[in-house]
Structure formats: structure tokens, C-alpha cells
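Each chain is listed here by its residues.
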Amino acid sequence: MFDAGITYEGTVYRPPSEAHSLILQATIGCSYNRCTYCAMYQDKRFRQRSLDELRADMDSVVATGGARAVRRVFLADGDALIMRTPRLLEILGDLKDHFPAFERASVYASPQSLLTKSVEEIAALKQAGLTVYYAGPETGHPQVMQDIAKGVTPEQFVEGARRVVDAGAKLSVIFLLGIGGTDLSHEHAVASAEWCNAVEPRFVSTLTLTPVPGTPICDRIDRGELVLPGPRGILAELRTFIEHLDLRGAIFRGNHASNQLPIGGSLPKDKQSLLSLLDAYIADESLPLRPPQSPHSL
Ligand code: SF4
């Protein structure tokens, strides 16, 4: 991450694939901030930063000699896409003005923010450089999505996410293994695959739910209302998810630190080899899994 000269407000999160991007806090916190498993922005009151503040950050990077190193920019925090389109276009224009090597920007996309944008707006934003959207449906199952308080139905989330795909921008989506508990493990996996099939994202990732103390989902687990699958149960859930995926051209990543069996590949090309690997690990409990390494981050 480039941070030359920029003072960030609170903890800043970004997708793993944005490790080499300049992080620009276009907004602080998350305007929704109600998902029951998410602790990322609990300590922040949501606000949009002014264009003057953002230009000051860009000027700081320029002043420290880092301007030519900025090719990619991640617009933080939790859902900068909630900003109105003209304002986003202005920020993207400022990025081009400040950084001669600027190639593209990316952003987290909550369903609420996606549904504020038309296909035409997303296409205009893409034209201006906002080309990658990271969304976290976490599940495609209606009951599970309601339980984790995403604030929309799977169908509404499909509608918002499809706008990104239809506008020709890149969509990366995340699903959380274990989030339906043992009761809805199979249904969560099937419905999540069907959600993907309806949206056709370019990138699909799976993380394993790692409950964060103090979150509502952690309280449900402590009360025994949600029982998480064990490591082999998680692999069986992942197998069901991949089995039901029917994507024409996607990259699957299951190598997040929270996953005890790091796997990945291209779909549909590698589907059978992924399933065979999972079958081997599900059948033979003596095959070693790595310990979970870090809490969930979107
Ligand atoms: S998961 Fe995303 S939309 Fe939900 S509260 Fe966290 S940052 Fe906001």
C-alpha cells in the first residue's frame, strides 16, 4: 500500500488483491454498518470526505515524490460507492490529474450502494477508471442472508451485482463458508452457487467465517443458536458450492488465510480437479489442514 504523506482515519481495510494500491479514504466507515458478522467499522461514524480533503491526500502523495508509482487506487472505506455518481466522477478525474500512471480504481460495493447506480452510471464510472467492484453477498440463501442482516434479499443483491457485469466492469464476490451453520450448510452452498450462476462474476472467493467477539453473530454462536461446521464440514460445504457452480469464465480463489485448505483455479476448466482434491480431503481425515490464520476481512 502506498501511504506516503497520507494520515488515515482509524483502521483501513482493503481486499488482498489491492495490496499494491494507493488507499484513498473517500468515505469513513460504512453507511450501512449492520451486517451481523462485520466488525470492521463499528468504531466509525459514517461520513463522506470532502473533495478538498481528498485532493489534500493526493497532493501529499505528489509532494513525497510518489505520484508516478500510483497505478491503482482503492477507494475506502466500507462502501464509497454510496457517493453520488457526479462526485465519484470528480474524484476519478482528480486521480488522473494527480497521477500520470493511474490505470484503474476499485471499491467495495454493498448491495445498498449498488442499487443506487444504474448500468449507465456504472459504465460511465468504468470509462472514468472505476473498473473493479468487490461485493460480499456471503450467501445466496434467503434465510441466511436475512439472519446476517444484509438488508436485501438475494434477488435484490443479484439485481445490483448484475448491473456491474452488464456495464462491463469487473465484479469480485465473496462467500462465507459456515455462515449458515450446520443446519443450513448444504442449502447455503447450493443457493450461493445459484446466486453466482445468475450474476456471472469474474472473480469468486470463499472465506471461512471467523466470528469476531462483540458481533451479533458471535453472540448467536455463544448462545448455541448457530453451530458452525467443523473443518471437514466446511470442506463438504465448499465441495457442494463448487459442484453447483456453472460459470463460463471465472477465477475461483479459496486461499484466504481463514481457509484451512487453500485452493483455487479457473472455472469451468479446473472444476473437476478442485472437486477431486476436496473429495480426497473429505474422505481422509489424516490429511493435514493448515490452522486458520486470521479473522474474516471482506
Ligand atoms: S459487511 Fe460491508 S456492508 Fe456490511 S457492515 Fe461491513 S462494511 Fe458495511
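Preceding this paragraph is the structure being described.
Source: prediction; values computed, not measured.

Enquirer: I keep staring at the nonpolar core and nothing clicks. Help me out?
Expert: Note on soluble globular proteins: their nonpolar side chains tend to be buried together. Ranked by size, the top nonpolar core spans 79 residues in total, and within it Leu 75, Val 107, Tyr 133 and Ala 161 carry the most contacts. What Ala 161 contacts, discounting residues up to four positions off in sequence, is Leu 114, Ala 135, Leu 171, Val 173 and Val 199.

Enquirer: I would appreciate a short explanation of the sheet that holds strand β10 (residues 263-267) in the present structure.
Expert: Hydrogen bonds between backbone groups are what pair the strands of a sheet, and the pairing can be parallel or antiparallel. Read from one edge to the other, the open sheet built from eight strands follows the order β1-β4-β5-β6-β7-β8-β9-β10, with strand pairing classed as mixed. Of all strands in the sheet, those bounded by a partner on one side alone are β1 (22-25) and β10. Here the average twist between neighbouring strands, direction ignored, is 20°. Across five bridges, strand β9 (residues 250-254) lies against β10 in antiparallel orientation. Counted as the bridge partner of Arg 253 is Gly 264 from β10. Running over the sheet, helix α6 (residues 154-166) touches β6 (130-138) and β7 (170-177) and is turned about 145° from β7.

Enquirer: Explanation requested: the site of the ligand in the structure shown.
Expert: Neighbouring the ligand are 13 residues, the closest being Cys 30, Cys 35, Cys 38, Gly 78 and Ser 110. Considered class by class, the residues forming the shell around the ligand number seven nonpolar, four polar and two charged.

Enquirer: How should the packing of helix α1 (residues 51-63) against helix α2 (residues 85-98) be read in this particular structure?
Expert: If you want to describe how two helices pack, look at the angle between their axes and the distance between the axes. Relative orientation of the contacting elements α1 and α2 amounts to 20°, with a least axis distance of 10 Å. In terms of orientation, α1 and α2 fall into the roughly parallel class. Regarding α1 and α2, the two cross each other, and that crossing is right-handed. Contact with α1, carried on its side by Leu 51, Leu 54, Arg 55, Met 58 and Val 62, involves Glu 90, Ile 91, Asp 94 and His 98 of α2 and no other residues of that element.

Enquirer: I keep staring at the environment of Asp 59 and nothing clicks. Help me out?
Expert: Summarising the element assignment, Asp 59 is placed in helix α1. The sequence separation of Asp 59 and Cys 38 amounts to 21 residues, and the corresponding C-alpha distance is 33 Å.

What counts, and at which threshold
- Residues numbered from 1 in each chain as written.
- Predicted model: local features only at pLDDT ≥ 70, side-chain atom pairs only at ≥ 80, totals over all residues.
- Core = buried A, V, L, I, M, F, W, Y, C linked by C-beta atoms within 7 Å.
- Buried ≥ 20, exposed ≤ 12 C-beta atoms within 10 Å, placed from the backbone.
- Contact = placed C-beta atoms within 7 Å.
- Pairing = 2+ DSSP bridges.
- Helix = DSSP H or I, 4+ residues; strand = E, 2+ residues; numbered from the N terminus.
- Axes fitted to C-alpha atoms, helices over the stretch in contact; angles between N-to-C directions.
- Near = placed C-beta within 6 Å.
- Nonpolar A, V, L, I, M, F, W, Y, C, P; charged D, E, K, R; others polar.
- Parallel < 35°, antiparallel > 145°, perpendicular 65-115°, else oblique.
- Left-handed = near helix turned anticlockwise from the far one by under 90°.

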